[in-house]
Amino acid sequence: LEQTPEKDPQGNATVVYSLTDTEDTRRLWNHTFKLTYTLVLGQTTFKTTLKVQNKGETAFNFTTLLHNYFRVDDIRAVTVSGMHGLEYIDKTRNFERFTESRELLRVEGFVDYVYINTPSSHVIT
């Protein structure tokens, strides 16, 4: 925990977590770094920021992926909009790329898709 939760004048609560390299991490991945994860919770908003800093002399590549999890009563009754026309990678089919043709997505079996350049808003019903 880098910064304990604080409220700003607008009533948003902010907390900051950080992770830095250690002897243990450098045995697995020999780079010096600092990762900072900031969460801002408002009345009707939730914003996250992830920042990776290279603290060493050697360049490195770093990728991240944040997942959303939504609690639903019955996944078969859920639809998601806003994906039509987007390119996606199907990890269950050798990472092949496809274009989404459905207006409303339904989960009808095991899926593991990665959508490319999604818009910032989707509707889950």
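Below or above, wherever it landed, is the structure these notes cover. (Residues numbered from 1 in each chain as written. Predicted model: local features only at pLDDT ≥ 70, side-chain atom pairs only at ≥ 80, totals over all residues. Heavy atoms only, no water.)

Focus on the overall build of the chain
In terms of helices and strands, the chain carries one helix and nine strands. Listing each helix as α and each strand as β along the chain from the N terminus yields β-β-α-β-β-β-β-β-β-β. When burial is assessed residue by residue, the chain has 20% of its 125 residues classed as buried. Put simply, of all contacts in the chain between residues at least 6 apart along the chain, 37% involve residues at least 24 apart. A total accessible area of about 10,100 Å² is found for the chain, and carbon and sulfur atoms account for 50% of it. (Helix = DSSP H or I, 4+ residues; strand = E, 2+ residues; numbered from the N terminus. Buried < 20%, exposed > 50% of the residue type's maximum accessible area, 1.4 Å probe, protein only. Contact = heavy atoms within 4.5 Å. Areas by Shrake-Rupley, 256 points an atom, 1.4 Å probe, with all protein chains shown as cover.)

Thoughts on the pattern of salt bridges
A side chain of one charge can pair with a side chain of the opposite charge if their charged atoms are brought near each other. According to the stated counting rule, one finds eight salt bridges in the structure shown. The salt bridge partner of Arg27 is Asp24, with a shortest N-O separation of 2.0 Å. Linking Arg27 with Asp24, this pair stays in helix α1 (residues 23-28), spanning three residues, or about one helical turn. Here Arg93 and Asp90 are joined by a salt bridge, their closest N and O atoms 3.8 Å apart. Owing to a relative accessible area of 43%, Arg93 belongs among the partly exposed residues under this scheme. (Salt bridge = Lys/Arg side-chain N within 4 Å of Asp/Glu carboxyl O.)

Re the environment of Lys7
Within the secondary structure, Lys7 is located in strand β1 (residues 3-7). Spatially, the C-alpha atom of Lys7 lies 9.3 Å from that of Val40, the residues being 33 residues apart in sequence.

Quick look at the pairing of strand β2 (residues 13-20)
Working note: regular strand, side chains alternate between the two faces of the sheet. Pairing analysis gives three bridges linking β1 to β2, with the strands arranged antiparallel. Across the sheet, the residue bridging to Lys7 is Ala13, located in β2. Between β1 and β2, which follow one another and run antiparallel, lie five residues, and Gly11 among them has a positive phi close to 90°. Relative to strand β3 (residues 33-41), β2 is paired through eight bridges, and the arrangement is antiparallel. Residue pairing in the sheet places Leu19 in a bridge with Leu35 of β3. (Pairing = 2+ DSSP bridges.)

A word on the pairing of strand β4 (residues 46-54)
Where β3 meets β4, nine bridges bridge the pair, whose relative direction is antiparallel. Each bridged residue has a counterpart across the sheet, and for Leu39 the counterpart in β4 is Thr48.

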